[in-house]
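Analysis of the macromolecular model
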Amino acid sequence: MKNVIFLAPPAAGKGTFSDYLVESYGYQHYSTGDILRAKAKEDKSLADFLKTGALVDDETMLKIIREVLTNVSSKESFILDGFPRTLHQAENLDIILHDLGLSYVVIYIDVEKNILEKRVVGRRVCPNCHQVYNVEMEGFGSKDNVTCDKCSTPLIHRDEDQIDTFQKRYQIYLESTKDLIRYYKEKGLLYPISNNDLDQENALKLLRGVVSEH
Ligand SMILES: [Zn+2]
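Right, let's walk through the structure included here.

**Topic: the overall build of the protein chain**
- Along the backbone of the protein chain there are eight helices and seven strands.
- The globule rule puts the C-alpha radius of gyration for 214 residues at 17 Å, and the 19 Å found for the protein chain is close to it.
- Overall, the protein chain is about 55 × 45 × 30 Å in size when its C-alpha atoms are taken along their principal axes.
- Each of the 214 residues in the protein chain was classed as buried or not, and the buried ones make up 41%.
- Split by element, the accessible area of the protein chain, about 12,200 Å² in all, is 50% carbon and sulfur.

**Some details on the pattern of salt bridges**
- Counted under the stated rule, the structure contains eleven salt bridges.
- Linking lysine 39 and glutamate 67 is a salt bridge whose minimum nitrogen-to-oxygen distance equals 2.9 Å. Here lysine 39 is found in helix α2 (residues 32-40), whereas its partner glutamate 67 is found in helix α4 (residues 58-70), with 28 residues between them in sequence.
- For the salt bridge of lysine 51 with aspartate 48, the shortest nitrogen-to-oxygen distance reads 3.7 Å. Taken together, the positions of lysine 51 and aspartate 48, both in helix α3 (residues 44-51) and three residues apart, correspond to about one turn of that helix.
- Through salt bridges with shared partners, a single network forms among Arg123, Arg158, Glu160 and Asp161.

**Some thoughts on the coordination of the zinc ion**
- Bound to the zinc ion are the protein donor atoms Cys126 (SG), Cys129 (SG), Cys148 (SG) and Cys151 (SG), situated 2.3 Å from the metal.
- Classification of the site at the zinc ion as tetrahedral follows from its four donor atoms and the range of 99 to 122° in their angles at the metal.
- With a relative accessible area of 0%, cysteine 126 lands in the buried category.

**Focus on helix α8 (residues 201-211)**
- When α8 is considered as a whole, its buried residues turn out to be Ala203, Leu204, Leu207, Val210 and Val211. Viewed end-on, α8 has its buried residues packed into an arc of 115°, placing them on one side of the element.

**As for the sheet that holds strand β2 (residues 28-31)**
- The strand order across the open sheet formed by five strands is β2-β3-β1-β4-β7, and the pairing between neighbours is parallel. The sheet is open, and its two edges are formed by β2 and β7 (190-194), each paired on a single side. Each adjacent strand pair in this sheet contributes to an overall mean axis angle of 25°, direction not counted.
- Where strand β1 (residues 4-7) lies against strand β4 (residues 105-110), four bridges are found, and the strand directions are parallel. Its bridge partner lying in β4, isoleucine 5 is registered against valine 106.
- Each of β1, β2, β3 (78-81), β4 and β7 is contacted by helix α1 (residues 14-25), which is oriented at about 165° to β1, the strand it contacts most.
- Here helix α7 (residues 163-186) sits on the sheet in contact with β1, β4 and β7, set at roughly 140° to β1.

**A look at the layout of surface pockets**
- Quantified by volume, the largest pocket comes out at close to 950 Å³.
- The wall of the largest pocket is formed by 35 residues, among which Lys14, Thr32, Gly82, Phe83 and Arg85 lie closest to the centre.
- Contributing elements (two or more residues each) for the lining of the largest pocket: β1, α2, α4 and α7.
- By residue number, the principal contributor to the lining of the largest pocket is α7, which donates six residues.

Definitions and limits used
Residues numbered from 1 in each chain as written. Predicted model: local features only at pLDDT ≥ 70, side-chain atom pairs only at ≥ 80, totals over all residues. Heavy atoms only, no water. Helix = DSSP H or I, 4+ residues; strand = E, 2+ residues; numbered from the N terminus. Rg over C-alpha atoms; globule rule 2.2 N^0.38 Å. Buried < 20%, exposed > 50% of the residue type's maximum accessible area, 1.4 Å probe, protein only. Areas by Shrake-Rupley, 256 points an atom, 1.4 Å probe, with all protein chains shown as cover. Salt bridge = Lys/Arg side-chain N within 4 Å of Asp/Glu carboxyl O. Donors = N, O, S within 2.8 Å, 3.2 Å for Na, K, Ca; no water. Tetrahedral: all angles 85-135°; square planar, octahedral: opposite > 155°, others 65-115°. Arc of directions from axis to C-beta. Pairing = 2+ DSSP bridges. Axes fitted to C-alpha atoms, helices over the stretch in contact; angles between N-to-C directions. Contact = heavy atoms within 4.5 Å. 1 Å grid on protein atoms, 1.4 Å probe; cavity = no way out; pocket = protein on both sides within 12 Å on 5 of 7 lines; lining within 4 Å. Points joined across faces, edges and corners; volume = space filled by probe spheres on them.

Next up, the structure:
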């Protein structure tokens, strides 16, 4: 199976796609967040730095990514999640992958903005049992859309799911991926997969087609 880099707006279904590849094909899932947290356990200065909430600089991040990918077995395929975020990172990642003799495809999960908005802004969470509902999507709400079906606790609409936060994140996503999309398109590595439907069976079928070696 081909190694995968995902480019996806918030709530596009990257988690579902990743889980599918991990569960069906034994992919290794490398998320930069997880990698950094693991690294911070043995590196006190990195741990202190992460606590400030600042972003790790490109050189450090590339060094860590190189370490991780160097240890990848040639038999297993991997997903790189949360990286690259900039054109500079993408170009340097290509140097690393070339050195290691690794190739990849970029899966661009394409979802219409109004659908993403419904998925995010309609989300309601039970603060007690953590059940997640969606009041904007038929069949995904709670019975009254106000309290939890399981434990009757009033549902909450989290700050991160408010329309303003969504708009901001979406805008940042558009700006930050513009260069990456062009870069990978020019290299012929970009595979857009539409994931607008509630039923993701078709999108997963397309995904399977892209990652399979022919
Ligand atoms: Zn509940």
